[in-house]
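# Structural overview
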Amino acid sequence: MSIDVETARKVAHLARIRVEEEDLPALAGEFNAILGFIEQLGEVDVEGVEPMVSVTPMRLKRRDDVVTDGNQQAAVLKNAPDAREGFFAVPKVVE
Amino acid sequence: MMTDLTKLTIAGARDALRKGEVTAAELTQSYLSAIDEAGALNAFVHHTPEIAEAQAKAADARIKAGDAPDMCGIPLGIKDLFCTKGVPSQAASRILDGFRPEYESTVTTQLFDDGAVMLGKLNMDEFAMGSSNETSTYGNAVNPWRRGNDDTALTPGGSSGGSAAAVAADLCLAATGTDTGGSIRQPAAFVGITGLKPTYGRVSRWGIVAFASSLDQAGPMTKDVRDAAIMLRSMAGHDMKDSTSADLPVPDFEAALTGDIRGKKIGIPREYRMEGMPDEIEALWQQGQEMLRDAGAEIVDITLPHTKYALPTYYVIAPAEASSNLARYDGVRFGHRAKLAQGEGVTEMYEKTRAEGFGAEVKRRVMVGTYVLSAGFYDAYYNRARKVRSLIKKDFEDVFAQGVDAILTPATPSAAFELGKEVSDPVEMYLNDVFTVTVNLAGLPGIAVPTGLDRAGLPLGLQLIGRPWEEGDLLNCAYSLERAAGFVAKPARWW
């Protein structure tokens with residue numbers, strides 16, 4: 001599996017990371033080096049093996065579905081780059 | 001008052017505090033001065049002397065009243081990955097510039113509830129992705145050790161490089177670390193200290209910036225094995241806020257340190273004999289086997305057949321989980337947001353914010369993770385890696401089922417290397433984790449113990465791997481190894 005510039009561009013966009021056009025070939029090269037390394041997993045016989053879900057077998061705890069926390073609007077917004085009138089503010093998303 | 005308080009261990013300081021030979025305030029002042037003089041190591045990146053002094057004062061009152069916990073009055077460094085209320089916590093990333101959490105991680109909450117003192121936040125690789133502390137937005141942390149009289153700056157390892165440098169240079173009594181593929185054990189080995197990665201689920205991950213959630217685990221980085229036992233007890237335990245934290249009692253790990261390992265079976269995995277491994281590492285490993293045999297353990301050859309697939313498996317699973325975890329850094333809720341040009345919208349905001357905020361290695365791993373999870377490749381890469389991970393874990397289960405109590409391996413394939421060494425192939429850097437990464441994939445406890453010096457005078461460590469939830473037994477084996485090795489070397493002070 002070889003990654004071309006077009007795939008690198010697509011992956012960067014999926015990851016929402018801007019990569020300048022001139023940097024795409026080098027990025028594709030790095031992907032290929034890493035994927036080449038990963039490729040050896042193809043040698044392993046995984047017939048009938050279950051993919052690991054949880055490394056320590058345990059039943060996840062449950063708790064009652066009730067409100068345990070809240071009323072922390074100021075704390076939640078405290079670190080926002082742009083917060084207005086109790087909301088996170090972002091550039092316009094709806095035309 | 002004692003002459004040099006920074007040379008103490010947690011156990012020594014605890015006993016001195018209880019006897020009234022020293023106060024937490026005096027101890028804290030000694031470390032704050034040591035930190036001020038050690039700027040060249042770039043280990044502490046956010047200093048919190050006011051918090052430290054207030055905590056020390058409270059600790060002294062508690063000790064005076066009697067019945068103070070072991071960690072009461074003990075000055076610590078905290079890795080920047082832990083959220084600490086009101087104190088910068090940015091995972092050594094530009095994207096979290098200015099972030100001051102409104103909450104405290106469970107680990108630091110427990111340590112502080114026990115009376116521990118926070119001296120400041122410690123340098124690390126960005127988002128814990130790295131093995132040399134060179135991906136940090138704060139710049140490199142520097143190893144206090146040098147090769148004899150050669151003043152070449154060496155890496156303290158990574159990702160917990162600042163924690164390692166700080167403990168080795170006596171800037172704190174101990175430090176918190178986190179370990180996703182070796183990030184506690186490799187730096188500990190590079191600076192001649194003890195580093196323990198507990199069983200996955202032993203320590204709550206709540207409030208620790210997530211890298212790869214199925215692999216991440218916090219643990220202590222300390223001057224010796226006893227200190228690791230003491231500090232782990234304070235860090236560990238079930239937490240309702242982390243559904244993967246185990247609801248198991250936390251034993252008194254220190255009480256397990258009898259030094260008696262007679263009849264214990266120690267496995268030596270043949271697959272860890274790597275081609276091109278330096279003779280010094282091979283010799284160190286041999287000596288470790290002899291030490292444990294002399295202490296009465298039985299040394300047995302074992303096989304972990306899927307070892308060679310551990311690194312490629314890790315480099316699918318860790319980036320996949322990272323790409324998902326790091327999706328939250330979008331410039332909306334916290335940290336950095338890029339300035340937008342006229343007409344740019346929310347997508348440009350995400351893309352520019354993440355391009356500016358993440359460093360090269362983080363971007364690389366997020367994108368690799370995105371790729372292996374993308375439509376058409378999910379089965380070929382991600383699901384296959386999860387299957388191989390099951391096989392890697394089974395290798396260990398088979399060995400433990402044969403009665404093996406612990407496994408002895410080298411901690412790292414080399415001693416600390418130069419900072420700034422040109423690494424053109426990212427895979428080359430990944431090989432640092434070859435001996436440690438299997439432990440994370442299998443969720444096991446592992447500990448690095450310093451046991452010798454190389455020809456250039458740099459520390460080298462061995463790793464012991466234990467059965468799940470049996471950190472007490474593992475620490476006892478490590479204690480026996482530590483006593484036999486008698487490692488006491490310290491870096492000559494140049495900073």
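Structural notes, computed from the coordinates.

About the thresholds
Residues numbered from 1 in each chain as written. Chains lettered and ligands numbered in written order. Predicted model: local features only at pLDDT ≥ 70, side-chain atom pairs only at ≥ 80, totals over all residues. Heavy atoms only, no water. Helix = DSSP H or I, 4+ residues; strand = E, 2+ residues; numbered from the N terminus. Rg over C-alpha atoms; globule rule 2.2 N^0.38 Å. Buried < 20%, exposed > 50% of the residue type's maximum accessible area, 1.4 Å probe, protein only. Disulfide = S-S within 2.5 Å. 1 Å grid on protein atoms, 1.4 Å probe; cavity = no way out; pocket = protein on both sides within 12 Å on 5 of 7 lines; lining within 4 Å. Points joined across faces, edges and corners; volume = space filled by probe spheres on them. Nonpolar A, V, L, I, M, F, W, Y, C, P; charged D, E, K, R; others polar. Phe/Tyr/Trp six-rings, centres within 6.5 Å; stacked < 30°, edge-to-face > 60°. Lys NZ or Arg CZ within 6 Å of the ring centre and 35° of its normal. Lys, Arg positive; Asp, Glu negative; His and termini not counted. Salt bridge = Lys/Arg side-chain N within 4 Å of Asp/Glu carboxyl O. Polar contact = N/O pair within 3.5 Å; in protein donor to acceptor, adjacent residues only side chain to side chain. Contact = heavy atoms within 4.5 Å. Pairing = 2+ DSSP bridges. Axes fitted to C-alpha atoms, helices over the stretch in contact; angles between N-to-C directions. Buried area = accessible area lost by both parts, 1.4 Å probe.

### Quick notes on the overall build of chain A
- When its secondary structure is counted, chain A shows 3 helices and 2 strands.
- When the helices and strands of chain A are placed in sequence order, the string is α-α-α-β-β.
- Rg of the C-alpha trace for chain A: 23 Å, well past the compact-globule value of 12 Å for 95 residues, more than 25% over.
- Based on the C-alpha atoms only, the size of chain A along its principal axes is roughly 55 × 45 × 25 Å.
- Looking at chain A residue by residue over its 95 residues, the buried ones come to 29%.

### Quick word on the state of the cysteines
All names here are of chain B.
- All told, the structure shown has 0 disulfides over all chains when counted by the stated rule.
- Note on cysteine 72: no disulfide assigned, nearest cysteine sulfur contributed by cysteine 172 at a separation of 18 Å.
- Given the relative accessible area of 0%, cysteine 172 is considered buried.

### Overview of the layout of surface pockets
- The computed volume of the largest pocket comes to approximately 810 Å³.
- Among the elements of the structure, helix 3 (73–77) of chain A together with strand 6 (217–222) of chain B are those that each provide at least two residues to the lining of the largest pocket.
- Here the lining of the largest pocket is composed, by residue class, of 17 nonpolar, 9 polar and 7 charged.

### Some details on the packing of aromatic side chains
Residue and element names in this part refer to chain B.
- Going through the model one piece at a time under the given rule, you end up with 15 aromatic pairs over all chains.
- Plain terms: the ring middles of phenylalanine 190 and phenylalanine 417 are 5.8 Å apart, the flat faces sit at 90° to each other, and that makes the pair edge-to-face. Here phenylalanine 190 is found in helix 6 (residues 185–191), whereas its partner phenylalanine 417 is found in the loop between strand 9 (406–410) and helix 13 (426–430), with 227 residues between them in sequence. Side by side, phenylalanine 190 and phenylalanine 417 carry an identical accessibility label, which is buried.
- Here the aromatic rings of tyrosine 371 and tyrosine 381 are separated by 6.0 Å at their centres, their planes lie at 50°, and the arrangement is tilted. Of the two residues, tyrosine 371 sits in helix 11 (residues 360–373) while tyrosine 381 sits in helix 12 (residues 378–401), which places them 10 residues apart along the sequence.
- A relative accessible area of 3% means that tyrosine 371 is categorised as buried.
- Cluster of aromatic residues (ring-pair linked, three or more members): Phe99, Phe127, Tyr329, Phe334 and Phe358.
- Just above the ring of tryptophan 494 sits the side chain of arginine 146; from NZ or CZ to the centre is 3.8 Å.
- Residue placement shows lysine 241 over the ring face of tryptophan 206; its charged tip is 3.9 Å from the ring centre.

### Thoughts on the side chain of aspartate 395 of chain B
Residues and elements named next belong to chain B.
- Position of aspartate 395 relative to the elements: it lies in helix 12.
- With no salt bridge to any partner, buried aspartate 395 finds its closest opposite charge in lysine 394, at an N-O distance of 6.5 Å.
- In this structure the side chain of aspartate 395 is engaged in a polar contact, spanning 2.7 Å, whose partner is the backbone nitrogen of histidine 306.
- Contact partners of aspartate 395, with chain neighbours within four places excluded, come to Leu304, Pro305, His306 and Thr307.

### Structural notes on the sheet that holds strand 10 (residues 446–453) of chain B
Residues and elements named next belong to chain B.
- Ordered in space as 1-3-2-4-6-5-10-11-9-7-8, the 11 strands form an open sheet in which the pairing is mixed. In this open sheet, the two edge strands, each paired with only one partner strand, are strand 1 (44–47) and strand 8 (298–302). Averaged over all neighbouring strand pairs, the angle between strand axes comes to 30°, with direction disregarded.
- Of the strand pairs in this sheet, strand 1 and strand 3 (residues 117–122) are connected by 3 bridges, and their pairing is antiparallel. When the bridges of strand 3 are listed, histidine 46 appears paired with lysine 121.
- Of the strands in this sheet, strand 8, strand 9 and strand 11 (459–466) are in contact with helix 12, which crosses strand 9 at around 125°.

### Some remarks on the interface of chain A and chain B
- Of the residues lining the interface, 51 residues belong to chain A; the matching set on chain B comes to 70 residues.
- When residues of chain A are sorted by the area they lose upon contact with chain B, Arg18, Leu41 and Met52 of chain A head the list and together hold 14% of the total.
- Aspartate 247 of chain B is the salt-bridge partner of lysine 61 of chain A, the closest N and O atoms lying 2.6 Å from each other.
- Along the contact surface separating chain A from chain B lie 18 residue pairs in polar contact (both at pLDDT 80 or more).
- Secondary-structure elements contributing two or more residues to the side of chain A that touches chain B are helix 1 (5–14) and helix 2 (24–38) of chain A.
- Looking at the side of chain A that touches chain B, the element that brings in the most residues is helix 2 of chain A, giving 8 residues.
- By residue class, the composition of the side of chain A that touches chain B is 34 nonpolar, 6 polar and 11 charged.

### Quick look at helix 4 (residues 106–113) of chain B
All names here are of chain B.
- Of all 8 residues in helix 4, 6 are buried, a share of seventy percent or more.
- Residues of helix 4 that are buried include every one of Thr106, Val107, Thr108, Gln110, Leu111 and Phe112, and no others.
- Taken together, the buried residues of helix 4 touch helix 3 (49–64), strand 2 (75–79), strand 3, strand 4 (174–179), strand 6 and helix 7 (225–235).
- Downstream of helix 4 by one or two residues, glycine 115 has phi in the positive range, about 100°.

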